[in-house]
Amino acid sequence: TLPTAVQNNKIHLYEGWNLVEVPQQSVVSDGFFGDAVVWKYGSDQQWKVNDTALNFPSIEAIRASEGVWVKSETTRTIEVDRALSQLHTFDDEASMLAYIRNMLQMQDYDTFELQEPPTVAPADAQNIASGSDSSEEGSAKDATTTNLQEAGVDEGDILKHDGLHVFSADNTNGRIVVTTFAKLMDQEYQPIAQIDMSGRHIVAMYLQQERLSVISNRTKYYISDVSSSKAQRSSIYYDPNQGFDLEVFDVSNIDNITRIAHHIIEGTYQESRLVEGRLFLISSFMPTVSYEYPKVYVDTECTDLRPAEGLLCSIENGIESTMGCNYDVTAWENNGCYEYQYDDAGAWKYDYDNPSVSSEKLIPVIDVNGNRSALVTPSQFYAPYKLNQKAGITTLSSFTVDSGSYGESISFLGNTGNYYASPTSLYLVSSEYPMFVDFMHAKEQQMIYKFSLGSSMAYEGRGFVEGWMLNQFSMSEQEGYLRVATTVGNSWWNRETKNSVYVLEHSDNALQTVGTLSGLGKAGETIHAVRFMGDRGFVVTFEQTDPLYTLDLSDPKNPKKVGELSIPGFSRYLHVVDANRVLSIGRNADAQGRQQELQVQLFDISDFANPRLADKVHIGNKGSYSEAEYNHKALAYRASDLMFGLPYQEDTYGINKGSSEYFGIYQIEGMHILPLHTVSSNNSAWGSVGRGLIFDAGTHTYGALIKGAHMICERVK
């Protein structure tokens, strides 16, 4: 149980002067107290104030151990966690950079100098593709596309098609290969065209309005100084601020593919979504500062006591002895001479309290077709009042797909690790706001930031939920309400886990919790899969068995657990087929909860209060693996005839040790899962990332397994 002070999480201010302390081991800026006048007596024995009109130094930070005088105009209460997370913008670039610099000073990690990201030449619509004639006719009907969480919100993938042409990322050979469904049916796997992507690793592609948008990473390592003398020692560092590329290609003529836009965004690519012709990229950037510390020479006897050159002490049997030392060991130790370094001028040490900045890189830039500009601007940069958190910058940038043009960016100071997009809003999650006292007393919390995706992007507010989220499916928006599933604790740490669903409503520039459902799962169980669909929800928890819970969310202020089913194994991904059926992908498990082979299950939810397992299919062995367990985009699914497929690998052991690649194709018929066909390859060199396609042509149905330039297509029926 948390101490009472942390449970209350409040600071009470009375009209007039108040002597207060910030709880929760937080470090805050003076804006934490709003428009109140704040005075602080610092460790340097100087008074500081947050009013620039007064002739005193400004307050840079307030720590939990420091008492401050606060003059409040009214009697009011501050909720600490909400005040810490409140975001504000800046009037000018100087104040914005000073704030970032101040936050960095709260952290104790080493920094290093960064090189500028490469500058790209302006896109000149030059032909960058090569290939053979692609004039053959023959498009596919009812071909599976990227499996999406939300209708109308496209997600990037490594394979896209337009019903005629198929574009596949071939990172092994640094290119995008292009083929057609007709070529696949004829088992002619030579690409008809290819796009050179040398030096980049493709992470996501979008195909819309005859435009192929490609997001790719660059990996860079730098030699960086780690000592006071640049000549002494250096080390190779991975640059955390990778410049990733966004390239937009006109693919209206497959024989003349041209690049119409090329942008480089400084930072690390996180996620993206495409909504109504606008591409939204989420990136992170870590500000960096390199400091130099002045030498301070000290008037001490140590200069005369220091050892002479050569042998200091005798070593006998590996043990140092003061016998034979050529200096006065006792005097050396009593005077604290080990604290100093020495040169011809005497004893000295670094003054770590007065560093000077040797170099800094505080905000990212974007290169738009060769023209560089700041990605972050003061009026669109939101910062919290909490200073002792990671100083990473998260940026949401928009682009118009048709022209490939850059639109705008909006940023906030904080790291995020989970992202969810509806057709109108984007939600980003930060884990920087636990209620924390010490190792034994902490409360997990996550902050959800909401951004609108209208004609222009805007920050709309934030809200708290307790615990941590599994993935993007832990969130879902329905008629203005955001549903969130979380877990408090971990099964490997203790038995006190708690699984809950919260319903949040956007009101008064904040996300307010209006409904809560807790008590899902047994002791020690954590959430393994979540899916929200309309007024219904499904949650799977697991430790040894797999409880599937059905939830009624029709009343946002009163979410209810309706039904429960416990069976062996667990689900990692849930796919709602219709009002009566739910498909799951996961693992079988033995009585002790140990993972076994892949498992696809079909649940009958026609009686929503009494869900039952209708059918299941086991795939491979304990060594089998499918990306569809963790990445929903690896599942090929079409609603027209309930046919689906998933790529997987099967490892074998013993004399015939090896790995085989498969694309298993199944169909749901009534309450049964029917195995239809398996596309097979014994080529283990294919790697682990690929996609499957199911499509019709003529009177037949085909299944294809595509991994870059490696393709296998077979008739299913």
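Just so we're clear, the structure is a prediction, and the values are computed from it rather than from any experiment.

**Focus on the nonpolar core**
And then number 1: Of all hydrophobic cores here, the largest spans 60 residues; its most connected members are Phe32, Phe33, Phe381 and Leu396.
And then number 2: Top contributing element to this core by residue count: helix 3 (residues 93-104), with 6 residues.
And then number 3: Residues in contact with Phe32, not counting those within four places in the same chain, are Ile11, Ile78, Val80, Ala83, Leu84 and Tyr385.
And then number 4: Counting 22 residues, the second-largest nonpolar core is a separate cluster that includes Ile619, Phe644, Tyr662 and Ile673.

**Considerations on the state of the cysteines**
And then number 1: What the rule picks out here adds up to 1 disulfide.
And then number 2: Between the sulfur of Cys302 and that of Cys337 lies a disulfide, 2.1 Å long from S to S. On the sign convention where negative is left-handed, the bridge of Cys302 and Cys337, at about -85° about the S-S bond, is left-handed. With Cys302 in helix 5 (residues 302-305) and Cys337 in the loop between helix 6 (329-334) and strand 26 (341-343), this pair connects stretches of sequence that are 35 residues apart.

**Re the sheet that holds strand 57 (residues 700-707)**
And then number 1: Spatially, the 3 strands line up as an open sheet ordered 56-57-58, and their pairing is antiparallel. Here the strands that pair on one side only, and so sit at the sheet edges, are strand 56 (691-697) and strand 58 (710-715). The mean inter-strand angle of the sheet, taken between neighbouring strand axes irrespective of direction, is 20°.
And then number 2: Here 6 bridges tie strand 57 to strand 58, and the two strands are oriented antiparallel to one another. Across the sheet, Ile706 pairs through a bridge with Met711, a residue of strand 58.

**Considerations on the confidence of the model for the protein chain**
And then number 1: Averaged over the protein chain, the pLDDT score is 84; the fraction of residues at 70 or greater is 83%.
And then number 2: The low-confidence segment residues 315-319, where pLDDT is below 50, has 2 contacts with residues more than four positions distant or belonging to other chains.

**A short note on the side chain of Thr486**
And then number 1: The residue Thr486 is located in strand 41 (residues 481-488) in this model.
And then number 2: Look at Thr486 and you get buried, because its relative accessible area is 1%.
And then number 3: Not counting residues within four places of it along the chain, the set of residues in contact with Thr486 comprises Val465, Glu466, Gly467, Trp468, Met469, Lys498, Asn499, Ser500, Tyr502 and Ile527.

**Describing the sheet that holds strand 27 (residues 346-350)**
And then number 1: Spatial strand order, 23-27-26: 3 strands in an open sheet with antiparallel pairing. With one partner strand each, in any of the chains shown, strand 23 (295-298) and strand 26 form the two edges of the open sheet. The mean angle between the axes of side-by-side strands here comes to 45°, regardless of whether they run parallel or antiparallel.
And then number 2: Relative to strand 27, strand 26 runs antiparallel, the two being bridged by 3 bridges. Within the sheet, the bridge partner assigned to Tyr342 lies in strand 27 and is Ala347.

Calculation notes
- Residues numbered from 1 in each chain as written.
- Predicted model: local features only at pLDDT ≥ 70, side-chain atom pairs only at ≥ 80, totals over all residues.
- Heavy atoms only, no water.
- Core = buried A, V, L, I, M, F, W, Y, C linked by side-chain atoms within 4.5 Å.
- Buried < 20%, exposed > 50% of the residue type's maximum accessible area, 1.4 Å probe, protein only.
- Helix = DSSP H or I, 4+ residues; strand = E, 2+ residues; numbered from the N terminus.
- Contact = heavy atoms within 4.5 Å.
- Disulfide = S-S within 2.5 Å.
- Pairing = 2+ DSSP bridges.
- Axes fitted to C-alpha atoms, helices over the stretch in contact; angles between N-to-C directions.
- pLDDT = per-residue confidence, 0-100.

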